[in-house]
Amino acid sequence: TRIQSQYYAAVGKNKEGFYGITSVSDKLLYKKEQEDFLGEKARFLYEMGDLAALKEVLYLLESDMYKSQDPSLWGMRALIEEQRGNLDAAFSMMETSKAKLDRIDASHELRARALNDFGRIQLMRGNRTEAYHYYKQAFKEIISDTSIYSRLLHPIASNVIINATLIEPNEVQCYLNEYKN
């Protein structure tokens, strides 16, 4: 079931992956396995945009029973704060997430997601130049790992190209060329 849910996550079938992972009984798992499964549930809920259910799972992961230190959870919490309109809290949580990602030498995918989220929050805060800075970093992360192209390349490339058009028009063709390749 876990391998199947990982497959569904890889091909973007989040609903199927979520239902597969929730079919496993918590009683059959050790505590660390329960925490891992809750983390996977959180990631599926995040991808599906179910913030109410995500909030409940994050609450469990942060409870005394698990006290999870997974850096991606901070990014998910930031999304909830962003949806509430509390951009300062969202940005603060993203900073915490980024610091934790740096400490654990995270994957290109996690870094690209976090940097793209940083950019989005900065853009909503009215700071396009900072947003563009984060979008460029996310783009560099994404093009350095072809295995994650299909899931993240288009939204991140769109963000960097749109903002380059406004801030560094002479760089647009360079980003377009990298995007095409």
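Residues numbered from 1 in each chain as written. Predicted model: local features only at pLDDT ≥ 70, side-chain atom pairs only at ≥ 80, totals over all residues. Heavy atoms only, no water.

Novice: What am I meant to see in the confidence of the model for the protein here?
Specialist: Detailed reading of the predicted model is not advised wherever pLDDT is low. Per-residue confidence for the protein averages 82 on the pLDDT scale, and 86% of its residues sit at or above 70. Mean pLDDT across the elements of the protein ranges from a minimum in helix α1 (residues 2-10), with 64, to a maximum in helix α8 (residues 128-143), with 94. (pLDDT = per-residue confidence, 0-100. Helix = DSSP H or I, 4+ residues; strand = E, 2+ residues; numbered from the N terminus.)

Novice: Explain the pattern of salt bridges to me, please; I cannot follow it from the model alone.
Specialist: Under the criterion given, the structure shown has 8 salt bridges. Salt-bridge contacts for Arg84 lead to Glu81; the nearest nitrogen and oxygen are separated by 2.8 Å. Residue Arg84 and its partner Glu81 are located together in helix α5 (residues 71-84), separated by 3 residues, close to a single helical turn. A salt bridge links Asp117 to Arg120, with the shortest nitrogen-to-oxygen separation between them at 2.8 Å. On the criterion of helical spacing, the pair formed by Asp117 and Arg120 is a turn pair, its members being 3 residues apart in helix α7 (residues 108-124). Asp117 gets classed as buried once you look at its relative accessible area, which sits at 8%. Among the residues examined, Arg120 registers a relative accessible area of 24% and is labelled partly exposed. Each member of the salt-bridge network shares a partner with another, and the members are Glu82, Asp117 and Arg120. (Salt bridge = Lys/Arg side-chain N within 4 Å of Asp/Glu carboxyl O. Buried < 20%, exposed > 50% of the residue type's maximum accessible area, 1.4 Å probe, protein only.)

Novice: I'm lost on the packing of aromatic side chains in this one. Help?
Specialist: Given two aromatic rings, their pairing is described by the distance between the two centres and the angle made by the two planes. A complete count under the given rule lists 3 aromatic pairs for this structure. Ring centres of Phe118 and Tyr134 lie 4.6 Å apart, and the angle between their planes is 15°; this geometry places the pair in the stacked category. Taken as a pair, Phe118 in helix α7 and Tyr134 in helix α8 lie far apart in primary sequence, 16 residues in all. Taking the centre distance of 5.4 Å and the plane angle of 85° together, the rings of Phe139 and Tyr175 count as edge-to-face. (Phe/Tyr/Trp six-rings, centres within 6.5 Å; stacked < 30°, edge-to-face > 60°.)

Novice: So what exactly am I meant to see when it comes to the packing of α5 against helix α6 (residues 87-103) here?
Specialist: Direction vectors running N to C along α5 and α6 enclose 170°, while the axes themselves pass 8 Å from each other. Viewed along their axes, α5 and α6 adopt a mutual orientation that is roughly antiparallel. From α5, Pro71, Trp74, Gly75, Arg77, Ala78, Glu81 and Glu82 reach across to α6, where they touch Leu87, Ala89, Ala90, Met93, Met94, Thr96, Ser97, Lys100 and Leu101. Looking at the contact of α5 with α6 residue by residue, the classes come out as 9 nonpolar, 3 polar and 4 charged. (Axes fitted to C-alpha atoms, helices over the stretch in contact; angles between N-to-C directions. Parallel < 35°, antiparallel > 145°, perpendicular 65-115°, else oblique. Contact = heavy atoms within 4.5 Å. Nonpolar A, V, L, I, M, F, W, Y, C, P; charged D, E, K, R; others polar.)

Novice: I keep staring at the nonpolar core and nothing clicks. Help me out?
Specialist: The nonpolar side chains of a soluble globular protein tend to be buried with one another. By size, the foremost hydrophobic cluster in this structure holds 28 residues, and its most contacted members are Met94, Phe139, Ile142, Ile156, Val160, Ile161 and Tyr175. Mapped onto this core, the elements with two or more residues apiece are α6, α7, α8, α9 (149-167) and α10 (172-180). Core analysis: the second largest hydrophobic core is formed by 15 residues, Leu38, Phe44, Tyr46 and Leu54 among them. (Core = buried A, V, L, I, M, F, W, Y, C linked by side-chain atoms within 4.5 Å.)

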